[in-house]
2 protein chains.
Amino acid sequence: MIQGQTWIFSNRPSIAASSAIGGPFEAQGPLADDFDLLHGDIWLGQDSFEKAEKKLLEQACERAIDKAGMKKEDIQFFLAGDLMNQVISSSFTARTLAVPYLGIFGACSSSMEGLALGALLVDSGNADRVLAATASHNAAAEKQYRYPTEYGSQKPPTAQWTVTGAGAAVISSEKSGIYVSSATIGRVVDMGIQDPFNMGSAMAPAAVDTIEAHFRDLHISVSEYDLILTGDLGRIGHQIAADLLDKHGLKLPEDRFGDCGMMIYREDQPVQAGASGCASSACVTYGHVLNRMKRGELRKVLIVATGALLSPISYQQKESIPCIAHAVVIESEGGKGGS
Amino acid sequence: MIQGQTWIFSNRPSIAASSAIGGPFEAQGPLADDFDLLHGDIWLGQDSFEKAEKKLLEQACERAIDKAGMKKEDIQFFLAGDLMNQVISSSFTARTLAVPYLGIFGACSSSMEGLALGALLVDSGNADRVLAATASHNAAAEKQYRYPTEYGSQKPPTAQWTVTGAGAAVISSEKSGIYVSSATIGRVVDMGIQDPFNMGSAMAPAAVDTIEAHFRDLHISVSEYDLILTGDLGRIGHQIAADLLDKHGLKLPEDRFGDCGMMIYREDQPVQAGASGCASSACVTYGHVLNRMKRGELRKVLIVATGALLSPISYQQKESIPCIAHAVVIESEGGKGGS
């Protein structure tokens with residue numbers, strides 16, 4: 001069912017299991033315990049950072065499928081996207097999985113684009129078991145979007161640190177206690193910011209646009225949610241989003257409105273304004289948040305994954321940064337959890 | 001409803017209107033009359049080929065929406081993908097449209113990935129009006145994947161020519177006489193081919209895999225279809241696909257099995273093995289094929305869009321080419337057509 005730009009899922013498409021994989025820098029962060037696997041080596045034994053990113057994604061998929069008590073042949077559709085040119089991490093993982101594959105692209109909003117579409121497939125009876133996943137790798141992203149890390153180029157305090165990690169979720173028609181109840185698909189919002197070292201500020205208005213649409217479409221109040229998390233706005237973007245929402249009359253309580261990009265690293269880790277990358281919202285949601293839901297600490301959360309839809313070419317051609325945000329509601333049946 | 005890897009749409013999600021835009025090289029081809037607009041200048045008045053590609057996509061969207069008698073505000077979801085890094089043509093067009101946007105990536109299979117997902121959204125009641133579109137630009141693709149055209153580098157006879165064009169379709173819950181009845185989502189197939197100048201051969205096994213899955217899932221015979229078209233296998237890939245299908249006991253009659261990549265250009269145009277690019281299957285389907293259906297010449301067609309999921313980086317890192325194909329069935333109610 002649709003209301004405005006929000007899909008409402010009445011058949012409770014459930015999260016059978018999920019996984020989060022991280023790298024050495026994520027292992028030093030406050031959410032380390034919520035990862036299923038943390039690598040000490042950013043190369044993961046591969047000979048390129050791109051192959052390491054693919055490995056992260058493959059491991060996240062494998063782990064989620066395993067935790068769901070399934071085999072890869074049980075998965076009917078694989079939905080994935082990433083930041084690499086031509087989303088090669090996802091496509092090569094799809095080759096490994098060898099199941100029907102739908103490639104998606106929403107930059108760092110890919111996590112919730114995949115979860116929203118996966119939930120829709122299950123809710124509508126067009127699938128019983130879908131795998132949604134995404135990944136990012138700090139050194140691969142730096143190389144592709146900015147400068148190879150080895151150059152040691154400096155960054156302004158508004159810059160963000162791409163998470164080395166991957167997250168995956170198995171969405172199933174079989175009830176698990178944790179389910180996706182609705183999803184709001186975002187529009188592209190572009191306020192004219194051209195600085196790729198200030199993506200949080202660029203993405204904040206897109207997050208606000210989707211959050212407002214969500215509450216407008218569903219006629220609910222913010223008190224409905226135990227937690228509302230944006231994907232990777234970082235400290236600066238988060239403040240802008242909070243201010244904008246406030247200005248538009250939608251005050252989100254400080255203790256229940258956060259940002260995945262502000263949660264993965266400690267304050268004293270040198271990540272400037274916070275975390276970013278597809279794995280930011282994926283790891284926090286599929287690790288930390290779902291763990292809290294399973295422990296009964298959270299009953300209903302809204303994850304608003306944000307994406308900056310630029311490319312190095314669009315930047316070089318003096319284009320501004322089109323941004324988007326997709327929001328997904330995850331609910332738990334009275335604190336009982338999935339596996 | 002799902003059977004195997006095939007979605008069956010029982011509510012007849014309809015194609016309200018479609019469009020095809022092309023460039024000067026396409027204007028010289030045998031399907032010129034089926035384009036809504038043909039540009040004499042590959043720059044389309046823009047200062048980069050990437051911007052020209054975006055312009056093609058914007059025009060295809062505008063034209064399809066207009067032909068459907070709608071305004072852009074009537075579109076609830078925009079599904080699009082292209083070959084550019086970070087699918088910028090699609091994302092920037094989504095900025096222009098300012099409607100909820102789901103970015104997809106299936107390389108040249110994006111046309112049917114978008115149509116399949118769009119039909120599913122409408123069929124399941126999660127949308128009433130969806131726009132699915134894709135584009136490619138010869139000079140932008142040459143620059144990104146190979147060498148800028150200006151270098152004049154030579155190509156082997158197995159190479160294909162990227163179509164400069166765009167295609168779009170408005171999928172609606174309102175009946176138009178032409179509808180999408182099912183879609184088979186493909187798996188990634190990789191037979192180890194590493195040569196990006198021989199993509200037709202690389203993609204042929206993926207097309208075969210999806211075609212076989214389609215007939216297996218639906219328990220129908222090939223005589224069901226007036227026409228079966230692959231996306232952009234070209235002459236060499238088409239022959240391989242025909243031979244493989246034959247070998248597997250699925251003989252497709254020669255007069256009803258073709259390839260979009262062999263239809264767009266004349267035999268004497270210097271395109272080597274044929275056409276490729278996202279616009280290959282999009283322009284042929286959304287222009288030529290739908291026009292024939294509206295004239296009552298075809299009642300039921302199967303479009304099998306093929307995609308090579310490589311990137312220049314995966315190629316440089318000595319990876320082979322993962323390929324995919326998505327198949328969509330378009331039917332006409334006794335030859336009556338949409339607008």
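About the thresholds
Residues numbered from 1 in each chain as written. Chains lettered and ligands numbered in written order. Predicted model: local features only at pLDDT ≥ 70, side-chain atom pairs only at ≥ 80, totals over all residues. Heavy atoms only, no water. Helix = DSSP H or I, 4+ residues; strand = E, 2+ residues; numbered from the N terminus. Rg over C-alpha atoms; globule rule 2.2 N^0.38 Å. Contact = heavy atoms within 4.5 Å. Areas by Shrake-Rupley, 256 points an atom, 1.4 Å probe, with all protein chains shown as cover. Lys, Arg positive; Asp, Glu negative; His and termini not counted. Charge placed at Lys NZ, Arg CZ, Asp CG, Glu CD. Core = buried A, V, L, I, M, F, W, Y, C linked by side-chain atoms within 4.5 Å. Buried < 20%, exposed > 50% of the residue type's maximum accessible area, 1.4 Å probe, protein only. pLDDT = per-residue confidence, 0-100. Phe/Tyr/Trp six-rings, centres within 6.5 Å; stacked < 30°, edge-to-face > 60°. Domains from an automatic or database assignment. Buried area = accessible area lost by both parts, 1.4 Å probe. Salt bridge = Lys/Arg side-chain N within 4 Å of Asp/Glu carboxyl O. Polar contact = N/O pair within 3.5 Å; in protein donor to acceptor, adjacent residues only side chain to side chain. Nonpolar A, V, L, I, M, F, W, Y, C, P; charged D, E, K, R; others polar. Expected span 1.5 Å × (residues − 1). Pairing = 2+ DSSP bridges. Right-handed = clockwise from strand over helix to strand, strands pointing away.

A.B. asks: With reference to specific residues and values, describe the overall build of chain A.
C.D. replies: Check the secondary structure of chain A and you find nine helices and 15 strands. The C-alpha radius of gyration computed for chain A amounts to 18 Å, which stays within 12% of the reference 20 Å derived for 339 residues, consistent with globular compactness. On the principal axes, the C-alpha backbone points of chain A span a range of 50 × 50 × 35 Å. Look at the contacts in chain A between residues 6 or more apart in sequence, and 79% of them connect residues 24 or more apart. When the accessible surface of chain A is totalled, it reaches about 11,000 Å², and 49% of it is carbon and sulfur. Placing the 28 positive and 39 negative side-chain charges of chain A at their respective mean positions leaves the two points 3 Å apart.

A.B. asks: Can you explain the nonpolar core? Please cite residues and give values.
C.D. replies: Ranked by size, the top nonpolar core spans 103 residues in total, and within it Trp 7 and Ile 330 of chain A together with Trp 7 and Ile 330 of chain B carry the most contacts. Residues contacting Ile 330 of chain B, with those up to four places away along its chain left out, are Ile 15, Leu 115, Ile 178, Tyr 179, Thr 285, Leu 290, Met 293, Arg 299, Lys 300, Val 301 and Ile 303 of chain B. With 72 residues, the next largest nonpolar core counts Ile 65, Val 87 and Ala 94 of chain A together with Ile 324 of chain B among its residues.

A.B. asks: Let's hear about the confidence of the model for chain A: which residues, and what values?
C.D. replies: Looking at chain A, the pLDDT average stands at 96 and 98% of residues meet or exceed 70. The ipTM value of the predicted complex is 0.97, and its pTM value is 0.97.

A.B. asks: So what's going on with the packing of aromatic side chains? Residues and values would help.
C.D. replies: Where two aromatic rings form a pair, the distance of their centres and the angle of their planes describe that pair. If you walk through the whole model with that rule in mind, you get 14 aromatic pairs over all chains. Look at Phe 215 of chain B and Tyr 225 of chain B: their rings are 5.8 Å apart centre to centre, the planes differ by 75°, and that puts the pair in the edge-to-face class. With Phe 215 of chain B in helix H6 (residues 199–218) and Tyr 225 of chain B in the loop between H6 and strand E11 (227–230), this pair connects stretches of sequence that are 10 residues apart. Residue Phe 215 of chain B shares its accessibility class with Tyr 225 of chain B, and that shared class is buried. Taken together, the ring pairs in this structure connect Phe 25, Trp 161 and Tyr 265 of chain A into an aromatic cluster.

A.B. asks: Go over unusual backbone geometry, please, and point to the residues and values.
C.D. replies: Residues and elements named next belong to chain A. Phi at Ala 98 takes a positive value of approximately 60°, unusual for a residue other than glycine. For Ala 98, the position within the fold is in the loop between helix H3 (88–97) and strand E6 (101–103). When its relative accessible area of 30% is taken as the criterion, Ala 98 is described as partly exposed. The backbone phi angle of Ala 107 is positive, close to 50°, even though this residue is not glycine. With respect to the helices and strands, the residue Ala 107 is situated in the loop between E6 and helix H4 (110–123).

A.B. asks: How would you explain the domain arrangement of chain A if you had to name every residue and give the values?
C.D. replies: Residue and element names in this part refer to chain A. The domain boundaries assigned to chain A delineate domain 1 (2–172) and domain 2 (178–332). The C-alpha-based centres of domain 1 and domain 2 are spaced at 17 Å. At the junction of the two partners, domain 1 supplies 59 residues and domain 2 supplies 63 residues. Roughly 5,000 Å² is buried in total at the junction of domain 1 and domain 2, and carbon and sulfur atoms are behind 62% of that figure. Of all residues in domain 1, Gln 5, Met 112 and Gln 160 give up the largest surface area on contact with domain 2, accounting jointly for 16% of the area buried on that side. Counting the contacts that link domain 1 with domain 2 gives zero salt bridges. For the pair domain 1 and domain 2, the number of links is 32 residue pairs in polar contact (both at pLDDT 80 or more). Contributions of two or more residues to the side of domain 1 that touches domain 2 are made by strand E2 (6–8), strand E3 (14–22), helix H1 (24–27), H4, strand E7 (129–136), helix H5 (138–145), strand E8 (161–162) and strand E9 (165–172). Ranked by residues supplied to the side of domain 1 that touches domain 2, first place goes to H4 with seven residues. For the side of domain 1 that touches domain 2, the class distribution of residues is 30 nonpolar, 22 polar and seven charged.

A.B. asks: Describe helix H2 (residues 49–67) of chain B, and please don't skip the residues or the numbers.
C.D. replies: Residues and elements named next belong to chain B. In this model, H2 (19 residues) spans 27 Å end to end at C-alpha, consistent with the 27 Å of a helix rising 1.5 Å per residue. With respect to burial, H2 is a largely interior element, 14 of its 19 residues being buried. Remark: Gly 69 follows H2 within two positions and exhibits a positive phi of approximately 70°.

A.B. asks: Any details on the pairing of strand E5 (residues 77–82) of chain B? Residues and values, ideally.
C.D. replies: Residues and elements named next belong to chain B. In terms of burial, E5 is largely enclosed, as six of its six residues are buried. Of the two faces of E5, the one holding Phe 77, Leu 79 and Gly 81 and the one holding Phe 78, Ala 80 and Asp 82 are both buried throughout. In this sheet, strand E7 (residues 129–136) lies alongside E5 in parallel orientation, the contact comprising six bridges. Paired with Gly 81 across the bridge in E7 is Thr 134. Where E5 and strand E6 (residues 101–103) come together, three bridges link them in parallel fashion. Bridge assignment links Phe 78 to a residue of E6, and that residue is Tyr 101. The parallel pair E5 and E6, bridged by helix H3 (residues 88–97), forms a crossover whose chirality is right-handed.

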